[in-house]
Amino acid sequence: MAMERTLSIVKPDAVGRNLIGSILRKFETAGLRIAGGKLIRLTPEQAQAFYAVHKARPFFQGLCDYMCSGPIFVSVLEGDNAIAKNREVMGATDPAKAAPGTIRQEFGQDIEKNAVHGSDAPETAAVEIAFYFKPEELF
Ligand code: UDP
Ligand code: MG
């Protein structure tokens with residue numbers, strides 16, 4: 001299997017509920033290594049740029065408002081098959097449909113406030129990592 005890196009975000013609702021450690025623990029338990037991480041707060045412009053792919057969707061404005069509503073914890077996860085493994089540990093977008101034991105099933109509140117973001121493919125992972133991190137911030 002290929003060694004990969006992927007971008008993870010603990011979203012504002014989960015940071016606000018003191019869940020950063022519980023969520024990172026899920027990644028580490030699944031064999032993913034944290035190669036970099038920091039707490040930041042997005043501006044509206046940054047949130048719109050990060051989620052530009054969803055610009056035409058009805059949930060876009062609400063999503064951007066939510067992602068700016070408080071600090072987020074961004075991290076880079078590394079490991080074999082890290083992109084798919086992270087998505088598996090996260091669970092389905094809608095917490096009500098997420099499998100038992102997944103982050104979204106345990107910690108998500110609704111389809112918007114679903115606790116975490118994870119890159120969905122190698123191309124988006126590379127772009128999303130570069131959006132938040134300089135090469136020297138990753139180890
Ligand atoms: N989202 C939402 N309503 C929807 C679908 C998505 O508010 O009907 C939000 C949710 O926070 C989700 C994000 O938009 O995580 C990005 O959507 P995507 O389809 O990429 O889901 P993900 O890749 O995060 O599972
Ligand atoms: Mg997505």
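Remember, it's a predicted structure, so these values are computed and weren't measured experimentally. Within any chain, residue numbers begin from 1 and follow the written order of that chain's sequence. For naming, the first written chain is A and the first written ligand is 1, with later ones following in the order written. Only residues with pLDDT of 70 or above have their local features reported here, since the model is predicted, and side-chain atom pairs are shown and tallied only from 80 upward, although totals for entire chains, interfaces and linings are computed over all residues. Side-chain metrics rest on all non-hydrogen atoms present in the structure, leaving aside hydrogens and water.

**Q** Give me the lowdown on the overall build of the chain, citing residues and values where you can.
**A** Secondary structure is summarised from DSSP: a helix means a run of H or I of at least four residues, a strand means a run of E of at least two, and numbering begins at the N terminus for each. A count of helical and extended segments in the chain gives seven helices and four strands. Starting at the N terminus, the α and β elements of the chain follow one another as β-α-α-β-α-α-β-α-α-β-α. Radius of gyration: C-alpha atoms only; globule rule: 2.2 Å multiplied by the number of residues to the exponent 0.38. For the chain, whose C-alpha radius of gyration is 14 Å, the value lies close to the compact-globule estimate of 14 Å for 139 residues. For the chain, the spread of C-alpha atoms along the three principal axes comes to 35 × 35 × 25 Å. For the chain, the proportion of its 139 residues judged to be buried stands at 46%. In what follows, residue pairs with any heavy atoms lying within 4.5 Å of each other are defined as contacts. Considering only residue pairs separated by 6 or more positions, the chain has 78% of its internal contacts joining residues 24 or more positions apart. A total of about 7200 Å² of accessible surface is found on the chain, and carbon and sulfur atoms cover 56% of it. Distance from the positive charge centre (16 side chains) to the negative charge centre (17 side chains) of the chain: 3 Å. Only protein chains enter the accessibility calculation, which uses a 1.4 Å probe. A residue is then buried if its area is under 20% of the maximum for its type, exposed if over 50%, and partly exposed in between. Note on areas: these come from Shrake-Rupley sampling with a 1.4 Å probe, and a residue is covered only by the protein chains present in the view. The charge count includes Lys and Arg as positive and Asp and Glu as negative, but it does not include His or the ends of the chains. Charged side chains are reduced to one point each, which is NZ for Lys, CZ for Arg, CG for Asp and CD for Glu.

**Q** Tell me about the pairing of strand E3 (residues 72-80), residues and numbers included.
**A** Burial of E3 is extensive: eight of the nine residues sit out of reach of the surface. With eight bridges connecting them, strand E1 (residues 3-10) and E3 associate as antiparallel partners. For Ser-8, the partnering residue across the bridge sits in E3 and is Ser-75. Two strands pair under a simple rule: DSSP has to find at least two bridges between them. Bridge count for strand E2 (residues 33-40) against E3 is seven bridges, and the pairing is antiparallel. By the bridge assignment, Ile-40 is partnered in E3 with Ile-72.

**Q** Any details on the site of ligand 1? Residues and values, ideally.
**A** The cutoff for a nearby residue is simple: one of its non-hydrogen atoms must lie within 4 Å of the molecule or strand. Surrounding ligand 1, one finds Lys-11, His-54, Phe-59, Leu-63, Arg-87, Thr-93, Arg-104, Ile-111, Glu-112 and Asn-114. We call two N or O atoms a polar contact when they sit within 3.5 Å, provided that within protein one can donate a hydrogen and the other can accept it, with sequence-adjacent residues counted only if both atoms are side-chain atoms. Between ligand 1 and Arg-87, the relevant distance is 2.9 Å, taken from an oxygen atom to a side-chain nitrogen or oxygen of the residue. Contact distances for ligand 1 include 2.9 Å between an oxygen atom and a side-chain N or O atom of Arg-104. Isolated, ligand 1 exposes 500 Å² of accessible area, and the fraction of that covered by the protein chains is 82%. Here the residues of the shell around ligand 1 are counted per class, giving three nonpolar, three polar and four charged. Just so you know the grouping, Ala, Val, Leu, Ile, Met, Phe, Trp, Tyr, Cys and Pro go in nonpolar, Asp, Glu, Lys and Arg go in charged, and all remaining residues, Gly too, go in polar.

**Q** Any chance you could break down the sheet that holds E3 for me, citing the residues and the numbers?
**A** Sheet architecture is open: four strands sit in the order E2-E3-E1-E4, paired in antiparallel fashion. A single partner strand is all that each edge strand has here, and the edge strands are E2 and strand E4 (116-118). Across the sheet, the mean angle separating the axes of adjacent strands is 20 degrees when strand polarity is ignored. What counts as an axis is a line fitted to C-alpha atoms, over the stretch in contact for a helix, and the angles between N-to-C directions run from 0 to 180 degrees. Running over the sheet, helix H2 (residues 20-29) touches E1, E2, E3 and E4 and is turned about 10 degrees from E3.

**Q** So what's going on with the environment of Ala-92? Which residues, and what values?
**A** Among the structural elements, Ala-92 can be located in the loop between helix H5 (82-90) and helix H6 (103-107). Taking the C-alpha atoms as reference points, Ala-92 and Arg-104, separated by 12 residues in sequence, lie 7.1 Å from one another. If we ignore the near neighbours within four places in the chain, the residues touching Ala-92 are Lys-97, Ala-98 and Arg-104.

**Q** I'd love a proper account of the packing of aromatic side chains, names of residues and values included.
**A** Here the distance between the centres and the angle between the planes together describe a pair of aromatic rings. For this analysis, a ring pair means two rings from Phe, Tyr or Trp (six-membered ring only for Trp) whose centres lie within 6.5 Å, classed as stacked if their planes differ by under 30 degrees, edge-to-face if by over 60, and tilted for the remaining angles. Summed over the entire model, instances satisfying the criterion amount to four aromatic pairs. Ring centres of Phe-50 and Tyr-51 lie 5.0 Å apart, and the angle between their planes is 80 degrees; on these two criteria the pair is classed as edge-to-face. Grouping residues by exposure puts Phe-50 and Tyr-51 together as buried. Summarising the aromatic geometry, the rings of Phe-131 and Tyr-132 are spaced 4.8 Å apart at their centres and angled 65 degrees between planes, so their arrangement reads as edge-to-face. Grouped by ring-pair contacts, the aromatic residues Phe-50, Tyr-51, Phe-131 and Tyr-132 constitute a single cluster. Charge-over-ring contacts are defined here by two conditions on Lys NZ or Arg CZ: a distance within 6 Å of the ring centre and an angle within 35 degrees of the ring normal. Against the face of Phe-133 rests Lys-38, its NZ or CZ located 4.6 Å from the ring centre. Above the face of the Tyr-66 ring, Lys-113 is positioned so that its terminal group lies 5.2 Å from the ring centre.

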